[in-house]
4 protein chains.
Amino acid sequence: MSAASQGRRRLGIGLVGLGRLGRVYARDLSTRIAETRLVAVADTNADAARDVAAEFDVPRAYATPREMFTDPAVDAVVIVSPTHTHLDVVLEAVDAGKPVFCEKPLALTLDECRRMQEAVARRKTFFQMGFMRRFDPGYAAARLHVAEGRIGTPVVFKSTSRDPYRPSLEYANPASSGGILVDMGIHDFDLARWFMGDVATVSAIGGTLAYPELASVGDLDNAIATMTFADGCLGVVDLTRNGFYGYDISTELLGTQGTIRIGYLRETPIVIMTKNSVAHDTVPYFMERFERAYTLQLQNFAQNVLDGRDAPVTIHDGIEALGWRVPRRTRADQGTR
Amino acid sequence: MSAASQGRRRLGIGLVGLGRLGRVYARDLSTRIAETRLVAVADTNADAARDVAAEFDVPRAYATPREMFTDPAVDAVVIVSPTHTHLDVVLEAVDAGKPVFCEKPLALTLDECRRMQEAVARRKTFFQMGFMRRFDPGYAAARLHVAEGRIGTPVVFKSTSRDPYRPSLEYANPASSGGILVDMGIHDFDLARWFMGDVATVSAIGGTLAYPELASVGDLDNAIATMTFADGCLGVVDLTRNGFYGYDISTELLGTQGTIRIGYLRETPIVIMTKNSVAHDTVPYFMERFERAYTLQLQNFAQNVLDGRDAPVTIHDGIEALGWRVPRRTRADQGTR
Amino acid sequence: MSAASQGRRRLGIGLVGLGRLGRVYARDLSTRIAETRLVAVADTNADAARDVAAEFDVPRAYATPREMFTDPAVDAVVIVSPTHTHLDVVLEAVDAGKPVFCEKPLALTLDECRRMQEAVARRKTFFQMGFMRRFDPGYAAARLHVAEGRIGTPVVFKSTSRDPYRPSLEYANPASSGGILVDMGIHDFDLARWFMGDVATVSAIGGTLAYPELASVGDLDNAIATMTFADGCLGVVDLTRNGFYGYDISTELLGTQGTIRIGYLRETPIVIMTKNSVAHDTVPYFMERFERAYTLQLQNFAQNVLDGRDAPVTIHDGIEALGWRVPRRTRADQGTR
Amino acid sequence: MSAASQGRRRLGIGLVGLGRLGRVYARDLSTRIAETRLVAVADTNADAARDVAAEFDVPRAYATPREMFTDPAVDAVVIVSPTHTHLDVVLEAVDAGKPVFCEKPLALTLDECRRMQEAVARRKTFFQMGFMRRFDPGYAAARLHVAEGRIGTPVVFKSTSRDPYRPSLEYANPASSGGILVDMGIHDFDLARWFMGDVATVSAIGGTLAYPELASVGDLDNAIATMTFADGCLGVVDLTRNGFYGYDISTELLGTQGTIRIGYLRETPIVIMTKNSVAHDTVPYFMERFERAYTLQLQNFAQNVLDGRDAPVTIHDGIEALGWRVPRRTRADQGTR
């Protein structure tokens with residue numbers, strides 16, 4: 001007996017960028033998301049393209065996105081290449097008439113952002129911005145609880161992001177990363193807008209306190225930003241690159257009737273108790289914490305394109321989360337220990 | 001440019017049984033495990049077979065395992081059909097020379113167990129028993145910690161399993177389920193052996209305390225079993241079908257220098273605090289708790305077959321975890337409220 | 001201006017026994033409980049009596065309880081002398097017509113228990129048995145929650161007691177301590193009766209697993225007892241002397257609609273997170289955990305006597321919590337590693 | 001036999017102010033602290049003075065502090081009267097040559113602070129400022145851990161204070177309370193200095209977001225202040241009057257090698273789990289959270305005076321924790337929802 005294998009409709013994805021996160025996306029798009037087929041990959045590194053194609057049975061690997069966009073099997077584009085390439089790749093995808101998913105941050109200059117925004121608007125391109133935290137089951141449930149009034153009206157937003165170790169000096173360089181407030185803070189700023197609405201004012205302090213060598217490239221390792229929202233509510237975001245004990249992301253919404261906290265500090269459900277100590281492990285890094293959010297985000301993108309729904313996270317969200325680009329006032333308050 | 005898609009070697013799996021868990025296995029084997037291809041499914045329910053085959057692009061669907069075992073694309077067999085069918089399916093798979101993965105419980109009579117064991121031994125069939133908790137990252141890490149001496153020598157084993165609601169009376173019937181001590185306790189008894197070694201004596205009490213209607217089919221809803229191990233160490237397992245608040249599985253190993261606890265009570269990383277209450281949600285059921293363990297278990301099976309390694313969980317483990325079949329002495333102490 | 005110091009009515013207490021716990025009681029009775037005055041202490045150790053009297057401004061110190069019971073300032077008696085002295089002291093207090101508070105365990109032989117019980121009954125003496133856990137705010141609140149139906153009907157009782165280190169061999173000797181099931185288990189057995197009602201059957205296993213030297217005096221360091229209650233409900237108590245990580249007392253009541261857990265593992269509200277570890281301290285020993293319960297218990301005794309209320313914990317409770325004296329069946333299952 | 005009651009040396013305390021906290025201090029000084037005797041109380045409310053004296057057997061009650069300071073039994077003075085009275089009472093106590101303990105805040109004008117500081121300096125009076133959190137076992141242990149280098153060098157200070165309900169409008173009036181940043185924040189600012197050293201810059205935002213009626217007296221219900229320390233390290237304090245779920249005080253010190261958190265959200269060690277919810281209670285208010293800290297603080301004061309030690313918390317600390325009096329810049333950023 002032979003099976004009649006029609007299956008469901010799947011979106012043919014062309015993936016741009018095969019770095020660390022690009023490979024995760026390749027795996028998700030080819031094996032974990034029922035709504036997608038990874039039909040093509042593009043990376044200037046031909047070896048990476050060939051390897052990923054082989055590993056995940058991807059029919060075609062391209063050296064450039066432009067070439068890939070002419071492939072008729074490519075129904076939609078997922079962009080996870082370096083930030084400075086976003087402008088060109090997005091414009092080409094828009095020209096080719098492909099729906100676009102673009103990883104954050106959108107760009108590092110306001111001019112680039114505007115050019116993409118105009119192209120998307122002109123061509124009415126479907127464009128979904130990547131902010132995976134919005135798809136984390138914890139954050140998603142929290143937003144639902146808030147919408148249901150579980151904590152009354154939210155009046156204070158607090159968010160903390162901690163990386164477990166210092167990035168390379170090359171990576172940390174604000175010229176490419178945008179600096180700690182953009183590179184790390186962008187997720188918290190996006191959450192702030194998602195939960196609380198438009199930001200009215202921002203102020204920040206920062207310092208190079210744990211890794212003095214970061215000063216050589218002009219980056220900070222710790223920063224605290226406060227903000228007021230358009231309706232007068234308050235917010236605070238604190239960021240650190242020396243979350244030595246683990247990757248630690250937590251957010252709180254304090255309301256008029258209660259509070260809601262989103263966290264996750266433990267990887268395994270184990271507690272070890274020995275003489276004078278009770279200990280459990282922590283979450284190593286962002287992939288362990290947000291693996292499922294990344295998958296759900298790409299699945300949501302595919303469903304939106306297939307079903308003709310609007311993008312829940314827009315290019316406007318991508319621009320707003322950048323600041324633009326967060327307080328100049330910061331400088332005056334920076335210190336070095 | 002076209003991709004040279006060689007990819008890695010994959011094990012062609014024939015899946016027997018497409019009930020609730022069977023469909024999860026179908027998804028895992030076809031989309032989540034790089035080492036496997038789901039090449040065939042078999043179920044007496046032809047509709048189920050056709051649906052699953054269509055959903056996961058499985059080349060062939062069969063009405064019987066016997067037919068499927070003649071398919072040369074089937075390199076190995078995964079059995080997740082009802083317990084009473086295990087004997088026939090396993091014997092046919094062994095006859096066909098296929099490596100076997102069999103879901104727990106192995107069987108409900110000792111005679112059936114022995115016939116399978118003999119067949120497996122005679123034909124030197126690769127046979128891996130399914131006890132997914134051993135592959136849960138929490139339990140696996142705990143065993144490693146114990147092996148490293150983190151708690152000294154473990155001397156007391158404690159394990160609790162709680163189901164969040166009553167099973168159907170049909171399911172609960174001890175004639176098919178084996179009763180609460182087998183149906184629920186089998187995982188805890190397997191963990192007991194895995195962590196502590198051979199069991200010497202077992203004693204149990206039980207009652208039908210929360211769902212009086214279970215008495216009509218002869219099942220209990222609560223039971224507590226104590227055991228001594230061959231080396232004199234102690235163990236206790238308590239089971240309930242009225243874990244009303246959620247699916248709750250926890251185990252503790254108390255050692256001479258400390259203790260280790262494995263649990264997991266929360267599904268999302270959210271805490272909501274309102275007037276006089278701090279609340280978070282709980283794990284709904286076993287699939288939310290052990291989803292990853294199930295996937296890792298099947299992946300481990302495929303890797304073992306591909307690499308020619310011995311099965312880490314054997315048919316002997318499957319037999320021993322059944323008791324056989326746990327204390328007769330129980331009856332005398334049973335009560336009904 | 002001079003103060004008119006009438007104050008409230010206070011009960012004049014005569015305290016028998018000035019060991020470790022006796023000194024705590026002396027402090028509580030003289031400085032922490034508004035309803036009591038410590039008017040006399042008695043201990044065969046004259047130095048101890050003099051020291052405690054001096055430290056807490058106690059008007060009189062006696063060498064024997066008998067002498068003290070003739071003191072008209074002594075309105076009521078608190079007995080915290082060694083268990084083997086309880087019979088004589090209680091009989092003398094009863095003879096002297098004094099209301100009595102007696103620390104657990106009541107006695108180590110059933111004959112002694114009965115003689116005290118008869119004397120108390122004959123003279124209609126107010127007699128309050130000491131089981132401080134019933135006065136712990138956590139346990140007290142739990143019982144209230146259960147009574148209010150928060151978890152439906154409780155059907156399973158689970159309790160764990162762990163001491164952080166081995167007692168002296170002299171102390172552990174079952175001839176004076178009663179052995180682990182009496183010495184440690186008495187609190188859990190009393191809780192079992194308090195929450196669940198009369199016990200119908202008990203069975204236990206035990207072993208000398210962590211401190212082989214305990215075998216020389218005939219004591220165990222680990223034991224697990226299961227019990228059925230008169231209404232068919234189930235219970236389990238596990239005890240250990242190697243709770244190496246801290247003093248750990250926890251109890252759970254599983255009901256038909258939910259569960260309630262009483263614990264307390266942390267002394268200070270501190271968590272320290274460093275590379276790969278999240279740690280907090282634990283409760284060192286029983287005084288840190290139950291300090292407030294001890295105070296509340298004595299205060300309750302004084303209020304009951306002053307207000308003419310019945311004792312909430314009776315000599316009957318004292319006898320029943322002993323077992324009497326827990327399962328003989330235990331022996332057969334004992335092991336030594 | 002009669003007891004030779006020499007006892008230990010005790011400090012005769014004169015207590016000024018018998019409001020809510022004053023009564024707690026009266027109880028502690030008379031019954032819980034071995035080093036003190038409460039020999040006199042003073043309050044303009046003669047009834048309150050008489051009642052407290054009667055309840056705690058205090059020999060003398062006075063209508064004014066000045067009168068009380070002439071009492072030779074008064075070895076030292078504890079001041080817990082309203083803030084606006086501190087200046088007069090302190091100056092009189094200094095004149096009378098009495099060692100002084102003064103509850104926070106020191107005063108509401110800088111001029112008053114300076115006059116007290118000068119008097120204390122001129123007369124070399126022993127003066128201990130009241131900041132009870134420093135005596136909380138949790139905060140005290142945290143400081144020790146930090147000093148021991150458990151988290152490397154602390155670089156970021158974070159502290160949160162939440163009151164469970166709105167104070168009366170009369171109390172909240174910034175003219176007497178100092179406003180939320182002084183009234184609530186003073187403890188966090190003192191902790192900031194205690195853990196991190198001198199503050200260099202402060203900036204704050206605030207709003208009247210949960211209780212619009214507070215605007216009528218000019219107070220805020222939420223505020224967030226960021227600060228940089230003299231060595232360039234960073235700090236943030238957030239305050240709310242709508243901690244609806246309970247009294248919640250938490251502090252974190254993030255270091256170069258780890259982090260330490262001090263909290264305490266639970267009053268009883270109980271968790272109740274019912275359908276879809278896991279819940280425990282919270283700490284009702286400051287007395288439940290810091291009861292022991294208050295007692296330890298007064299005990300420490302008495303020991304310092306008796307042993308001739310310097311005050312661990314000085315009048316300088318009292319002044320610095322006030323700001324002085326926190327950012328003017330705040331105003332511009334205030335919002336009203």
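Up top you'll find the structure we're talking about.
Residues numbered from 1 in each chain as written. Chains lettered and ligands numbered in written order. Predicted model: local features only at pLDDT ≥ 70, side-chain atom pairs only at ≥ 80, totals over all residues. Heavy atoms only, no water.

Student: Give a detailed account of the sheet that holds strand 3 (residues 60–62) of chain C, specifying residues and quantitative values.
Tutor: All names here are of chain C. Strands sit in the order 3-2-1-4-5-6 across an open sheet of six strands; the sheet is parallel. Since the sheet does not close on itself, it has two edges, and those belong to strand 3 and strand 6 (127–130), each with one partner. Shown here is a sheet whose adjacent strand axes are inclined to one another by a mean of 25°, direction ignored. Here strand 1 (residues 11–16) pairs with strand 2 (residues 36–42) via six bridges, running parallel. Looking at strand 2, one finds that Ile-13 is bridged to Leu-38. (Pairing = 2+ DSSP bridges. Helix = DSSP H or I, 4+ residues; strand = E, 2+ residues; numbered from the N terminus. Axes fitted to C-alpha atoms, helices over the stretch in contact; angles between N-to-C directions.)

Student: I'd love a proper account of unusual backbone geometry, names of residues and values included.
Tutor: The amide bond that connects Lys104(A) to the next residue, Pro105(A), takes the cis arrangement and shows omega of -10°. Summarising the element assignment, Pro105(A) is placed in the loop between strand 5 (100–103) and helix 5 (110–123). Notably, Lys124(C) is not glycine yet its phi reads approximately 50°, a positive angle. Here Lys124(C) shows up in the loop between helix 5 (110–123) and strand 6.

Student: So, the pairing of strand 9 (residues 222–229) of chain C: which residues are in play, and what are the values?
Tutor: Residue and element names in this part refer to chain C. Counting buried residues in strand 9 gives eight out of eight residues, a clear majority hidden from the surface. Bridge count for strand 8 (residues 199–208) against strand 9 is eight bridges, and the pairing is antiparallel. Looking at the pairing, Ala-204 lines up with Ala-225 of strand 9. Where strand 9 lies against strand 10 (residues 234–240), seven bridges are found, and the strand directions are antiparallel. Bridging from a neighbouring strand, Ile-224 pairs with Asp-238 of strand 10. (Buried < 20%, exposed > 50% of the residue type's maximum accessible area, 1.4 Å probe, protein only.)

Student: Let's hear about the interface of chain D and chain C: which residues, and what values?
Tutor: Listed by partner, the interface residues are 47 residues for chain D and 48 residues for chain C. Contact between chain D and chain C buries roughly 3,800 Å² in total, counting both sides, with carbon and sulfur atoms accounting for 55%. Where chain D packs against chain C, one counts four salt bridges. The partner of Arg10(C) in a salt bridge is Asp57(D), with the nearest N and O atoms 3.9 Å apart. (Contact = heavy atoms within 4.5 Å. Buried area = accessible area lost by both parts, 1.4 Å probe. Salt bridge = Lys/Arg side-chain N within 4 Å of Asp/Glu carboxyl O.)

Student: Let's hear about helix 10 (residues 185–196) of chain B: which residues, and what values?
Tutor: All names here are of chain B. When the terminal C-alpha atoms of helix 10 are compared, their 16 Å separation across twelve residues agrees well with the 16 Å that a helix rising 1.5 Å per residue should span. Counting buried residues in helix 10 gives twelve out of twelve residues, a clear majority hidden from the surface. Gly-197 sits one or two positions beyond helix 10 and adopts a positive phi of about 90°. (Expected span 1.5 Å × (residues − 1).)

Student: Can you explain helix 2 (residues 46–55) of chain C? Please cite residues and give values.
Tutor: Residue and element names in this part refer to chain C. Three or more residues of helix 2 are buried, namely Ala-48, Ala-49, Val-52, Ala-53 and Ala-54. As for helix 2, its buried residues are in contact with helix 1 (20–32), strand 2 and strand 3. Backbone nitrogen of Asp-47 and a side-chain oxygen of the N-cap are separated by 3.0 Å at the start of helix 2; the cap is Asn-45. Phi turns positive one or two residues past the end of helix 2, at Asp-57, with a value near 55°. (Polar contact = N/O pair within 3.5 Å; in protein donor to acceptor, adjacent residues only side chain to side chain.)

Student: I'd like a rundown of the sheet that holds strand 6 (residues 127–130) of chain A, residues and numbers included.
Tutor: Residues and elements named next belong to chain A. Strand order in this open sheet of six strands is 3-2-1-4-5-6, and the pairing throughout is parallel. Where the open sheet ends on each side, the last strands, each with one partner, are strand 3 (60–62) and strand 6. If you compare each strand with its neighbour and ignore which way they point, the axes differ by 25° on average. Pairing geometry for strand 1 (residues 11–16) and strand 4 (residues 76–79), over four bridges, is parallel. Bridge assignment links Ile-13 to a residue of strand 4, and that residue is Ala-76.

Student: Describe in detail the relation of the copies chain A and chain D, supporting the description with residues and values.
Tutor: By a simple turn and slide, chain A fits onto chain D: the slide is 0.0 Å along the axis, the RMSD is 0.0 Å, and the turn is 180°. Taken together, these values place the two copies in the relation of a two-fold axis. Across chain A, the smallest distance between a C-alpha and the rotation axis is recorded for Thr226(A), namely 3.9 Å. (Least-squares fit on C-alpha atoms with pLDDT ≥ 70 in both.)

Student: Explain the pattern of salt bridges to me, and be specific about the residues and the numbers.
Tutor: Scanning the entire structure with this criterion turns up 90 salt bridges over all chains. The salt bridge partner of Arg261(B) is Glu252(B), with a shortest N-O separation of 3.1 Å. On the accessibility criterion, Glu252(B) (8% relative accessible area) is buried. Across the salt bridge formed by Asp136(C) and Arg289(C), the nearest N and O atoms sit 2.8 Å from each other. Placement of Asp136(C) in the loop between strand 6 and helix 6 (137–147) and of Arg289(C) in helix 11 (residues 286–307) is noted, with a sequence separation of 153 residues between them. Note on Asp136(C): relative accessible area 3%, which makes it buried. Among the charged side chains, a network of salt bridges with common partners joins Lys158(A), Glu252(A), Arg261(A), Arg162(D), Asp238(D) and Asp248(D).

Student: Which residues make up the packing of helix 4 (residues 86–95) of chain C against helix 5 of chain C, and what values do they have?
Tutor: Residue and element names in this part refer to chain C. Running from amino to carboxyl end, helix 4 crosses helix 5 at an angle of 10°, the nearest separation of the two axes being 10 Å. One way to sum up the angle between helix 4 and helix 5 is to call them roughly parallel. Contact residues: helix 4 offers His-86, Leu-87, Val-90, Leu-91, Val-94 and Asp-95, while helix 5 offers Glu-112, Arg-115, Met-116, Ala-119, Val-120 and Arg-123. (Parallel < 35°, antiparallel > 145°, perpendicular 65-115°, else oblique.)

Student: Give a description of the interface of chain A and chain D that names residues and reports values.
Tutor: On the chain D side, the residues contacting the 43 residues of chain A number 43 residues. Carbon and sulfur atoms make up 62% of the area that chain A and chain D hide from each other, which totals about 3,200 Å². Put simply, chain A and chain D have six salt bridges between them. Salt-bridge contacts for Lys158(A) lead to Asp238(D); the nearest nitrogen and oxygen are separated by 2.9 Å. Here chain A is connected to chain D by twelve residue pairs in polar contact (both at pLDDT 80 or more).

Student: Can you lay out the packing of aromatic side chains for me, pointing to particular residues and giving the numbers?
Tutor: Overall, the coordinates contain 41 aromatic pairs over all chains when judged by the stated rule. Put simply, the rings of Tyr25(A), Phe101(A), Phe126(A), Tyr165(A), Tyr247(A), Tyr285(A), Phe286(A), Phe290(A), Tyr294(A) and Phe301(A) pair up and form one aromatic cluster. (Phe/Tyr/Trp six-rings, centres within 6.5 Å; stacked < 30°, edge-to-face > 60°.)

Student: Now, about the relation of the copies chain D and chain C: what can you tell me, with residues and values included?
Tutor: Relative to chain C, chain D is turned by 180° and slid 0.0 Å along the rotation axis, the superposed coordinates differing by an RMSD of 0.1 Å. Residue by residue, 98% of the interface of chain D is reproduced at the interface of chain C, so both copies engage with the same surface.

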